[in-house]
Amino acid sequence: MLIQPKPYYTPENYLELERKAAYKSEYFKGEIFAMAGASRNHNRIKENLSIGIGSYLKGKRCQSFSSDMRLHIPSNSLYTYPDLVIVCGEPELLDSTFDTLLNPTILVEVLSESTKDYDRGGKFMLYRNIPTFQEYILVDSEQIRVEAWYKPENGFWTLRKETGAVDDSLTIQTLDLTLSLRDIYEQTVGLLS
């Protein structure tokens, strides 16, 4: 049996295809990966975070972008769509199309069964190549559980918070913002009692 080699795409091929596509795909080292749809709880949590963080950031030097803002890491070739991106300072963009960010400060991923291992492992390692990246927030969509990673000035990533207590809170240290887990998980199905 003859095995067909996978097609190789340049970053330029990917961007040309992606900007015309009806669905989102990620790119890494010559391969394009279609993104799966998200569950109701995933979308609800993402919206709750967007509302809480976006409202807090009004009038401040940081701004947030939802999952339609593509992120590129030139040092390792990754193009991806984090669930929520926060930039403190002026956004640096890949080109004049204004759809690909280069300098996130905080990245938020809402975990699902199919993505949680990658988001915690390989993707986090790739994200660490971003010089401006300081804080990584992981929010589980299948159970009440959040993780907050932070890179202090010594450069060593530290797990600052991990909790599954519904009455606890999550502090995004870079923003000096605290959100209750109840607010993050509000209107999800089967997670809050």
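Placed above this text is the structure.
Predicted, not measured: the structure shown is a model, and the values here were computed from it.

(A) Local environment of the overall build of the protein chain. Along the backbone of the protein chain there are 5 helices and 13 strands. Across its three principal directions, the C-alpha atoms of the protein chain cover 55 × 40 × 30 Å. Taking all 193 residues of the protein chain together, the buried fraction comes to 43%. Considering only contacts in the protein chain between residues 6 or more positions apart, those separated by 24 or more positions represent 51%. Accessible surface, the protein chain as shown: approximately 10,400 Å² in total, 51% of it carbon and sulfur. Charge-centre separation for the protein chain: the mean point of 21 positive side chains lies 1 Å from the mean point of 27 negative side chains.

(B) Spotlight on helix α1 (residues 11-18). All of the buried residues in α1 are Tyr-14, Leu-15 and Glu-18. An end-on view of α1 places all buried positions within 95° of arc, on one side of the element. Structurally, α1 contributes buried residues whose contacts are with β1 (25-28), β2 (31-34), β4 (70-73), β5 (78-80) and β7 (100-101).

Parameters at a glance
- Residues numbered from 1 in each chain as written.
- Predicted model: local features only at pLDDT ≥ 70, side-chain atom pairs only at ≥ 80, totals over all residues.
- Heavy atoms only, no water.
- Helix = DSSP H or I, 4+ residues; strand = E, 2+ residues; numbered from the N terminus.
- Buried < 20%, exposed > 50% of the residue type's maximum accessible area, 1.4 Å probe, protein only.
- Contact = heavy atoms within 4.5 Å.
- Areas by Shrake-Rupley, 256 points an atom, 1.4 Å probe, with all protein chains shown as cover.
- Lys, Arg positive; Asp, Glu negative; His and termini not counted.
- Charge placed at Lys NZ, Arg CZ, Asp CG, Glu CD.
- Arc of directions from axis to C-beta.

So far we have only geometry, and geometry alone does not tell us how the molecule works.
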